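The lines below spell out each chain.
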Amino acid sequence: MMHIVLFGPPGAGKGTQAGLLKERLRFAYIATGDLFRQHIKEQTELGRLAQTYIDRGDLVPDEVTIEMLKNEVNKFSGAPGIIFDGFPRTTVQAEALEKMLGENGEKIDLVLALEVPEDVLIQRILNRGKTSGRSDDTDRKTIIKRLKKYKEVTEPLKDYYRKKEVLHVIDGLQDIEAVHRDILQALEKTVGG
Ligand code: AMP
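Let me sum up the structure you'll find in this document. Note that the structure is predicted; figures quoted are calculated from it, not measured.

Concerning the sheet that holds strand β2 (residues 28-31)
So, step 1. Taken together, the five strands give an open sheet; going across it, the order is β2-β3-β1-β4-β5, and neighbouring strands pair in parallel fashion. Strands with a single pairing partner mark the edges of an open sheet, and in this sheet they are β2 and β5 (167-171). Adjacent strand axes in the sheet meet at a mean angle of 20° when their direction is disregarded.
So, step 2. By the bridge criterion, four bridges tie β2 to strand β3 (residues 81-85) in an arrangement that is parallel. Bridging from a neighbouring strand, Ile30 pairs with Phe84 of β3.

Following this line, the structure appears as structure tokens:
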């Protein structure tokens, strides 16, 4: 079973690329942001808790996020692979994921890090906010806070995965098809050893 992480700041194109990739590979897809939004829509206890953090542009606490992720991963034991989008976002999450997969003799095979300059990210998120219905996509202050959080606690994970020799940096400023092509190339390299 193959495990791929789509990594990058908000607005880098993780969701878009995950969509293209999962169609091609028929992998399961787990996006923690989508899962939280589903909980918010269904007004579950977890949804109510998550919303307070999401609306502020903060990360949902690790414990809660990891528990939700574990439940989701367990649903896909028969899949050829899993694409993770928006998880892990902290070192604690990365270590929890590694431990969980390790228990089944599995690991993260490939981390695709999409890189996009911050001014472009802000513009992309504001544009997305016009149609996404996400309040965290319309308020510039919240967007800037999310990007700051990314820089402080999420981006350092690049080093974590670089050391494990699974990191592939991809220029996310290219058009959607070119980014997809780069991702497929990184994938071929990984599969081919
Ligand atoms: P996203 O759709 O990935 O941009 O996520 C939207 C929001 O959900 C984030 O700004 C966080 O508040 C929360 N969230 C999503 N994934 C995680 C995660 N792995 N850890 C903590 N919070 C998360």
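There's more to say after this.
Topic: the site of the ligand
So, step 1. Residues in close proximity to the ligand total 15 residues, the closest being Thr32, Arg37, Asp58, Gly86 and Arg89.
So, step 2. Separating an oxygen atom of the ligand from a side-chain N or O atom of Arg37 is a distance of 2.9 Å.
So, step 3. Bound to the protein, the ligand loses 95% of the 480 Å² it would expose on its own.
So, step 4. Looking at side-chain class alone, the shell around the ligand contains five nonpolar, five polar and five charged residues.

So, unusual backbone geometry
So, step 1. At the junction of Phe87 and Pro88, the peptide bond is cis and its omega measures out at 0° in the coordinates.
So, step 2. Its location among the elements puts Pro88 in the loop between β3 and α5 (91-102).
So, step 3. One non-glycine residue with positive phi stands out, namely Arg26, at about 60°.
So, step 4. Assignment of secondary structure puts Arg26 in the loop between α1 (14-25) and β2.
So, step 5. In this structure, Gln43 is a non-glycine residue whose phi angle is positive, near 50°.
So, step 6. Inspection of the secondary structure puts Gln43 in the loop between α2 (32-41) and α3 (45-56).

Cut-offs applied
Residues numbered from 1 in each chain as written. Predicted model: local features only at pLDDT ≥ 70, side-chain atom pairs only at ≥ 80, totals over all residues. Heavy atoms only, no water. Pairing = 2+ DSSP bridges. Helix = DSSP H or I, 4+ residues; strand = E, 2+ residues; numbered from the N terminus. Axes fitted to C-alpha atoms, helices over the stretch in contact; angles between N-to-C directions. Near = heavy atom within 4 Å. Polar contact = N/O pair within 3.5 Å; in protein donor to acceptor, adjacent residues only side chain to side chain. Areas by Shrake-Rupley, 256 points an atom, 1.4 Å probe, with all protein chains shown as cover. Nonpolar A, V, L, I, M, F, W, Y, C, P; charged D, E, K, R; others polar.

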